[in-house]
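Letter by letter, the chains look like this.
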Amino acid sequence: MRGRAADRARYDRATAHLDAPLAVVDLEAFDANADDLVRRAGGKPIRVASKSVRCRALLERVLARDGFAGIMSYTLAESLWLARSGFGDVLLAYPSADRAAFAELAADPKLAAAVTVMVDDPAQLRLIDDARDGGREEVRVCLELDTSLKLLGGRVRIGARRSPLHEPAQVAALARAIGRKPGFRLVGVMAYEGHVAGVGDAVEGHPAKSRAVRMMQATARKELADRRAATIRAVRAAAPGLEFVNGGGTGSVQHTAAEAAVTEIAAGSGLYVPRLFDNYTSFSGRPAALFAQPVVRRPGPGVVTVLGGGYPASGVAGADRSPVPYLPDGLRYDPQEGAGEVQTPLLGPPADDLRIGDKVWFRHAKAGELCERFERLHLVEGDRVTATVPTYRGEGHTFL
């Protein structure tokens, strides 16, 4: 608790000249988290997931460190913007139907060399061809392997519904089809095991659920390692020039890195360490990204009201998708109101020590989604703001 109190004092001193709402990134914590990701990757390069950062300055900062190489983007328009900004290796992690952006990609040698797009269906290749508008550049493509765990003959599925390519033969067949299709070059395979990398296995107060998650994940890791290895053998037979095999995520870095078939790891949330990444046995990071809301009311004893704060994260709606009051420690939501759009009551003994204008510090449930709410991030070193940098939003971009 003394550590939290010290952090609160540092952040309050660093931002004393700034009015809330505001967002900060603690650079000492950010860099320590980056070091931990590199350690867990065991020598394999980490491709940074941009959706978990959404700030060019911080993407540049982490990519300047040993152990990081390339960006995993989330939309094609973002990919082209990043490539034009000087990032030379951008893997689009999701299929796109942005015809205008595909026309730009196919017409520009620099963009075509820097950006790799994701496909898992021949129809996506046809869409790209139809969108070329005369552009003749070869389009780099990556295939996505579905990582979900299927049990009881497929009647039970654990994992996100992503690619339709689940079996090695399916991936190899599409690889061969790409090899026969002019204008495309297969350069990579991606397999994101979100049910391992993105699901905490040590949920506080739920020991039975945590044990069940650990058992599921152990089974899933073994099944996927065998299937991923078989898939890559089959794809390399069809495409000997394959450049990379991407896998993993913040919660599974060391497990995925141990697979010989995988050449690089994807991670991003582990840099900011939002609240959904508190419940893991495999690693423990330091919260690096926070936002502050000002106290604007004192409705009564043990209660303060802050401005706004209702910034829910994507996914299945629930309490775990709300930001969490973090500093001062001991504040909680009013269960009848929760985090509000324009005001948020907070309960707890620390409320009586807060004055009008004081800052309450929150952690977002997810990482980069925080940046959709703020135009800038104040970078804190020690007890000073040493730089203020724009988020994607601050640069005029909201790609989704």
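Description of the structure in this document. If you're wondering where the values come from, they're calculated on a predicted model, not measured in any experiment.

The next point concerns the sheet that holds strand E11 (residues 264-267). Pairing is parallel in the closed barrel, where eight strands are placed in the order E2-E3-E4-E5-E6-E9-E10-E11. Within this sheet the neighbouring strands show an average axis-to-axis angle of 30°, counted without direction. With two bridges connecting them, strand E10 (residues 244-247) and E11 associate as parallel partners. Following the sheet pairing, Asn 246 is matched in E11 by Glu 264. Against the sheet, helix H4 (residues 76-84) makes contact with strand E3 (68-73), strand E4 (90-92) and strand E5 (115-119), and its axis sits at roughly 165° relative to E5, the strand it touches most.

Volume-wise, the second largest pocket comes out at about 220 Å³. Lining the second largest pocket are Arg 275, Ala 319, Asp 320, Ser 322, Pro 323, Val 324, Pro 325, Leu 331, Arg 332 and Tyr 333. Split into classes, the residues belonging to the lining of the second largest pocket amount to six nonpolar, one polar and three charged.

Where strand E1 (residues 22-26) lies against strand E12 (residues 289-300), four bridges are found, and the strand directions are antiparallel. Paired with Val 25 across the bridge in E12 is Ala 289. Pairing analysis gives three bridges linking E12 to strand E13 (residues 303-307), with the strands arranged antiparallel. Bridge pairing links Gly 300 to Val 303 in E13. Following E12, the chain reverses through two residues before pairing antiparallel with E13; Gly 302 in that reversal takes a positive phi of roughly 70°.

Moving on, we get to the packing of helix H8 (residues 168-179) against helix H10 (residues 207-238). Packing of H8 against H10 leaves a shortest axis separation of 8 Å and a crossing angle of 25°. One way to sum up the angle between H8 and H10 is to call them roughly parallel. Considering how the two elements wind past one another, H8 and H10 form a crossing that is right-handed. Each of Pro 168, Val 171, Ala 172, Ala 175 and Arg 176 in H8 lies in contact with H10, whose residues at this interface are Arg 227, Ala 230, Thr 231, Ala 234, Val 235 and Ala 238. Tallied by class, residues from the contact of H8 with H10 come to eight nonpolar, one polar and two charged.

Another aspect to go through is the nonpolar core. With 88 residues, the main nonpolar core has Leu 58, Val 117, Tyr 272 and Leu 377 as its most contacted residues. Ignoring sequence-local partners within four residues, the contact set of Leu 58 consists of Val 25, Leu 27, Phe 30, Val 53, Tyr 272, Leu 377 and Leu 379. Tyr 11, Leu 18, Leu 22 and Leu 327 belong to the second-largest nonpolar core, a separate cluster that totals twelve residues.

Right, let's talk about the packing of aromatic side chains for a bit. Where two aromatic rings form a pair, the distance of their centres and the angle of their planes describe that pair. If you walk through the whole model with that rule in mind, you get eleven aromatic pairs. Between Tyr 11 and Trp 361, the aromatic rings sit 5.5 Å apart at their centres with planes inclined by 50°, giving tilted as the arrangement. Within this pair, whereas Tyr 11 is found in helix H1 (residues 2-14), its partner Trp 361 is found in strand E17 (residues 359-363), the two being separated by 350 residues in sequence. Both rings, one in Trp 81 and one in Tyr 392, keep their centres 5.1 Å apart while their planes meet at 90°; by these two values the pair is edge-to-face. Placement of the pair is Trp 81 in helix H4 and Tyr 392 in the segment after strand E19 (384-390), with a sequence separation of 311 residues. According to the relative accessible area criterion, Trp 81 is buried, its value standing at 13%.

Parameters and conventions
- Residues numbered from 1 in each chain as written.
- Predicted model: local features only at pLDDT ≥ 70, side-chain atom pairs only at ≥ 80, totals over all residues.
- Heavy atoms only, no water.
- Pairing = 2+ DSSP bridges.
- Helix = DSSP H or I, 4+ residues; strand = E, 2+ residues; numbered from the N terminus.
- Axes fitted to C-alpha atoms, helices over the stretch in contact; angles between N-to-C directions.
- Contact = heavy atoms within 4.5 Å.
- 1 Å grid on protein atoms, 1.4 Å probe; cavity = no way out; pocket = protein on both sides within 12 Å on 5 of 7 lines; lining within 4 Å.
- Points joined across faces, edges and corners; volume = space filled by probe spheres on them.
- Nonpolar A, V, L, I, M, F, W, Y, C, P; charged D, E, K, R; others polar.
- Parallel < 35°, antiparallel > 145°, perpendicular 65-115°, else oblique.
- Left-handed = near helix turned anticlockwise from the far one by under 90°.
- Core = buried A, V, L, I, M, F, W, Y, C linked by side-chain atoms within 4.5 Å.
- Buried < 20%, exposed > 50% of the residue type's maximum accessible area, 1.4 Å probe, protein only.
- Phe/Tyr/Trp six-rings, centres within 6.5 Å; stacked < 30°, edge-to-face > 60°.

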